[in-house]
Amino acid sequence: GVWYAGFSILIVGKLLKIKYVIRTAEDHFRYWRHVQSKKYKIYHFIITNLISRFVLKNADHIMTVGLNSRNYFIHRLGRNISNTHCLVGPINRSRFTIKDSHNVREFLTWNNGERIVLYVGAISGIKGTHLLPSIISRVLAKSVNTKFFIIGNETEPGNRITSKIINAGGNNVKIIPPVQHSELHNYYKACDVLVFLCQIGVGYGQVNIEACLCDLPILSLNPGLDVEWFLKDACNETPQQIADRIIDRNYKVVELPKEFDSEDISEKHLNLVKKLV
C-alpha cells in the first residue's frame, strides 16, 4: 500500500538521498467512499486518502501499470511526466492450465447444465461485493438455471454483505474461503463467467488477468482507468447491465493485449532501471 510501504520508501529515499520508485496500481483517493462501515470510512479518508495523496505527489519517481493511471496522476496531482512511468507487471502464466475443473463441479454439487457465475476477492464495499445481492436477485428472477460461486471472506464488520448475498441467492449461492493461488485456475476453468465489481482503479485487476489466461469470460462494473482500457466492452455502467448480460449470456473471453507479452514486459523494466541508474 502506498500509504504505508510507499510512505516508508519516500522517507528512506529522502533521508539517504538515493533514487527510489514507488509502484502504485490503485486510485487511493476514492477508496474511502466505498467502505460500508462509517468508522472505516473515516479511517481510510484520513490515512489511505491523505497519506497516499502526499506520497504520490512528492515521490521522486512513481510507476503505474498503465497509461490511463499514469495520466490520472499527472493531471490529478500535477506530477512531472518525466518521472511518472507506466509498466505492466510480470505475469506468471505457467499455472493456468486445465487440471481438475470437472472435480470442482462435483465439489460444488452443481450439474454441467447449470451456468456458474464466479466472484473472486474480498467481500467488501471497496471490492463492490455489496452489489452482488441485486445482481443475484435480478438474474434468478429470470434464470433459475444460474448459480453464483464466491471465493472470499468478508472484511466488513458483522458479515452484513455475506448475509444479504445468501438471502438473495439461497441454494443458488455457494461461498468458500480463499483458496491457494496454485489451485485457483481450477475454479476459473469450472465456471462460465467472472464478475468484477471493484469501483476504484486497481491496475488491471489480477483476477481479470487470470481469467483471461483461463479463457473465462468477464463482466465488469467499470472502475475506470486501466481496467476500462483492458476490458473494453466487457465493462458495464450499472449492476443491472451486468445482470442482464448474464441472463442473455452476452459475454466473451477478453484477449490479453500485446503489452502483456512477457518479453516486452522484461525489456521495458530493464530500460527503466537503466534510465534511473
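Keep in mind that this is a model prediction, so the values were computed, not measured. (Residues numbered from 1 in each chain as written. Predicted model: local features only at pLDDT ≥ 70, side-chain atom pairs only at ≥ 80, totals over all residues. Heavy atoms only, no water.)

So, about the overall build of the protein. Check the secondary structure of the protein and you find 11 helices and nine strands. The C-alpha radius of gyration of the protein comes to 20 Å, within 12% of the 19 Å expected for a compact globule of 277 residues. C-alpha extents for the protein along the principal axes are approximately 60 × 45 × 30 Å. Taking all 277 residues of the protein together, the buried fraction comes to 51%. Considering only contacts within the protein whose residues lie at least 6 apart along the sequence, 70% involve residues at least 24 apart. Charge centroids of the protein, computed over 35 positive and 24 negative side chains, lie 8 Å from each other. (Helix = DSSP H or I, 4+ residues; strand = E, 2+ residues; numbered from the N terminus. Rg over C-alpha atoms; globule rule 2.2 N^0.38 Å. Buried < 20%, exposed > 50% of the residue type's maximum accessible area, 1.4 Å probe, protein only. Contact = heavy atoms within 4.5 Å. Lys, Arg positive; Asp, Glu negative; His and termini not counted. Charge placed at Lys NZ, Arg CZ, Asp CG, Glu CD.)

Strand order in the open sheet formed by three strands is 1-2-3, and the pairing between neighbours is parallel. Two strands close off the open sheet at either side, each with one partner strand: strand 1 (21-23) and strand 3 (84-86). Here the strands of the sheet are splayed against their neighbours by 25° on average, with no regard to which way each runs. One ladder, built from three bridges, connects strand 1 with strand 2 (residues 61-64); its direction is parallel. Counterpart to Ile-22 in the pairing with strand 2 is Ile-62. In this fold helix 3 (residues 67-77) packs onto strand 2 and strand 3, with an angle of close to 165° to the strand it touches most, strand 3. (Pairing = 2+ DSSP bridges. Axes fitted to C-alpha atoms, helices over the stretch in contact; angles between N-to-C directions.)

With that settled, the discussion passes to the layout of surface pockets. One number sums up the size of the largest pocket: a volume of about 830 Å³. Taken together, 38 residues make up the lining of the largest pocket; nearest its centre are Glu-26, Lys-127, Cys-198, Val-202 and Gln-206. Of all the elements in the fold, those that place two or more residues in the lining of the largest pocket are helix 1 (2-16), helix 2 (38-58), strand 4 (115-120) and helix 8 (206-213). No other element matches helix 8, which puts three residues into the lining of the largest pocket. (1 Å grid on protein atoms, 1.4 Å probe; cavity = no way out; pocket = protein on both sides within 12 Å on 5 of 7 lines; lining within 4 Å. Points joined across faces, edges and corners; volume = space filled by probe spheres on them.)

Let's shift gears to the environment of Phe-45. Positionally, Phe-45 belongs in helix 2. Residues Phe-45 and His-28 lie 17 residues apart in sequence; the distance between their C-alpha atoms is 9.4 Å. Contacts of Phe-45, omitting those with residues within four sequence positions, involve Trp-32 and Leu-50.

Moving on: the environment of Asn-167. Topologically, Asn-167 is positioned in helix 6 (residues 160-169). Residue class for Asn-167 comes out exposed when judged on its relative accessible area of 67%. Along the sequence, Asn-167 and Ser-137 sit 30 residues apart, while their C-alpha atoms lie 9.3 Å from each other.

Once that is clear, we can look at the side chain of Arg-245. On the secondary structure map, Arg-245 appears in helix 10 (residues 239-248). Setting aside chain neighbours within four positions, we find Arg-245 in contact with Leu-219, Asp-233, Ala-234, Cys-235, Asn-236, Asn-250 and Tyr-251.

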